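Coordinate analysis (summary)
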Amino acid sequence: MVDLVNELEGKVAIVTGSARNIGRATAVELARAGAAVVIHARESRDLCDEVVAEIEEFGGKAISCLADIRDEESVKAMVAKTVAELGGIDILVNNAAMRANQKFTEIDDESWDRVVGTGLRGSFNMARHCVPEIIRRGGGSVISLGGMAAHQGSARRSHVMATKAGIGGLTRGIALDHGADNIRANIVVVGVFDTVRSANAPESSHPDDLKPPMGRLGVPQDMADLIRFLVGPGATYISGQTIQVNGGIYNPH
């Protein structure tokens, strides 16, 4: 039987894109489980500091770090800061992503590089510099957030679907290559969720009548609870899996 009170005590987690929404809820949940957490954003220092303050208010430990995960040197600096200030890395949550709605023929190089660069290149940069640190700690967990569009399909989101499909392959590759290093890597696929969009984010491409059988949209805490379980001691034999979190609206099997 696994004790799920402070089950991540002594662990260190980096959650990319954790200034708001699913990333924020996940970072706070991992801190409630006892982990020290790195709160990351590309440029939202104030929002990162708000999350740190929220965690410190209940006695948790967190630091904020700004980094452009598309840039390897920026990622290396964040990883170095994490190791120096928190002692190592045990958990990586690849959450950072760019929203975009564009017809395929409207996608230019800038749009493609922004979406794919943040989601796929960024996840690769984070993993290749965090995984060696996780190995040094004796193993741990990598979680990557996938998208339902990559499985079900969605108009005006070719670059997003390509990104999320690539993230799935990357994460399964980590599971295969580093299972012997006691690293578990899994993909959690976000369905239709109620999240707050930034001022420059495009409108949702989901139809208004796209509602899960459970009768509600997902909320960030739904994903945070699952991620807490997957990186914890109750999921030590779960790796290389793709787990759909969508209230029953879609089943790929």
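Above this text sits the structure in question.
Quick notes on the overall build of the chain
Along the backbone of the chain there are 7 helices and 7 strands. In the chain, the succession of helices and strands from N to C terminus is β-α-β-α-β-α-β-α-β-α-α-β-α-β. A globule of 253 residues ought to have a C-alpha radius of gyration of about 18 Å, and the chain, at 17 Å, matches this closely. In terms of overall dimensions, the chain has C-alpha extents of about 45 × 40 × 40 Å along its principal axes.

Some points on the packing of helix α1 (residues 21-32) against helix α7 (residues 220-231)
As a packed pair, α1 and α7 sit with axes 8 Å apart at the nearest point and diverge in direction by 45 degrees. One finds that α1 runs oblique with respect to α7. Remark: the crossing between α1 and α7 carries right-handed chirality. Taken together, the residues of α7 that come into contact with α1 (itself represented by Asn-21, Ile-22, Ala-25, Thr-26, Glu-29, Leu-30 and Arg-32) are Pro-220, Gln-221, Met-223, Ala-224, Asp-225, Ile-227, Arg-228 and Val-231. Grouping the amino acids of the contact of α1 with α7 by side-chain chemistry returns 8 nonpolar, 3 polar and 4 charged.

As for unusual backbone geometry
The backbone phi angle of Asn-6 is positive, close to 55 degrees, even though this residue is not glycine. Within the element layout of this structure, Asn-6 appears in the segment before β1 (12-15). Positive phi is not limited to glycine here, since Asn-21 has a value of about 55 degrees. Among the structural elements, Asn-21 can be located in helix α1.

Overview of the pattern of salt bridges
Under the definition given, this model contains 12 salt bridges. As a salt-bridge pair, Arg-137 and Asp-90 come within 2.8 Å of each other at their nearest N and O atoms. Of this pair, Arg-137 sits in the loop between α4 (109-136) and β5 (140-147) while Asp-90 is found in the loop between α3 (72-86) and β4 (91-94), placing the two residues 47 residues apart along the sequence. Owing to a relative accessible area of 4%, Asp-90 belongs among the buried residues under this scheme. If you follow the salt bridges from partner to partner, you end up with Glu-7, Glu-29 and Arg-228 in one network.

Brief notes about the environment of Ala-175
When you line up the elements, Ala-175 lands in helix α6 (residues 158-178). What makes Ala-175 buried here is its relative accessible area of 12%. As a C-alpha pair, Ala-175 and Gln-241 span 66 residues in sequence and 8.9 Å in three-dimensional space. Setting aside residues no more than four positions away along its own chain, Ala-175 makes contact with Ala-185, Ser-239 and Gly-240.

Observations concerning the packing of α3 against α4
Axis separation between α3 and α4 bottoms out at 9 Å; the angle between their running directions is 30 degrees. Judged by the angle between their axes, α3 and α4 are roughly parallel. Pair α3 / α4 crosses with right-handed handedness. Along the contact surface, α3 presents Glu-72, Val-75, Lys-76, Met-78, Val-79 and Val-83, while α4 presents Asn-125, Met-126, Arg-128, His-129, Cys-130 and Glu-133. Partitioning the contact of α3 with α4 into residue classes produces 6 nonpolar, 2 polar and 4 charged.

Cut-off values and rules
- Residues numbered from 1 in each chain as written.
- Predicted model: local features only at pLDDT ≥ 70, side-chain atom pairs only at ≥ 80, totals over all residues.
- Heavy atoms only, no water.
- Helix = DSSP H or I, 4+ residues; strand = E, 2+ residues; numbered from the N terminus.
- Rg over C-alpha atoms; globule rule 2.2 N^0.38 Å.
- Axes fitted to C-alpha atoms, helices over the stretch in contact; angles between N-to-C directions.
- Parallel < 35°, antiparallel > 145°, perpendicular 65-115°, else oblique.
- Left-handed = near helix turned anticlockwise from the far one by under 90°.
- Contact = heavy atoms within 4.5 Å.
- Nonpolar A, V, L, I, M, F, W, Y, C, P; charged D, E, K, R; others polar.
- Salt bridge = Lys/Arg side-chain N within 4 Å of Asp/Glu carboxyl O.
- Buried < 20%, exposed > 50% of the residue type's maximum accessible area, 1.4 Å probe, protein only.

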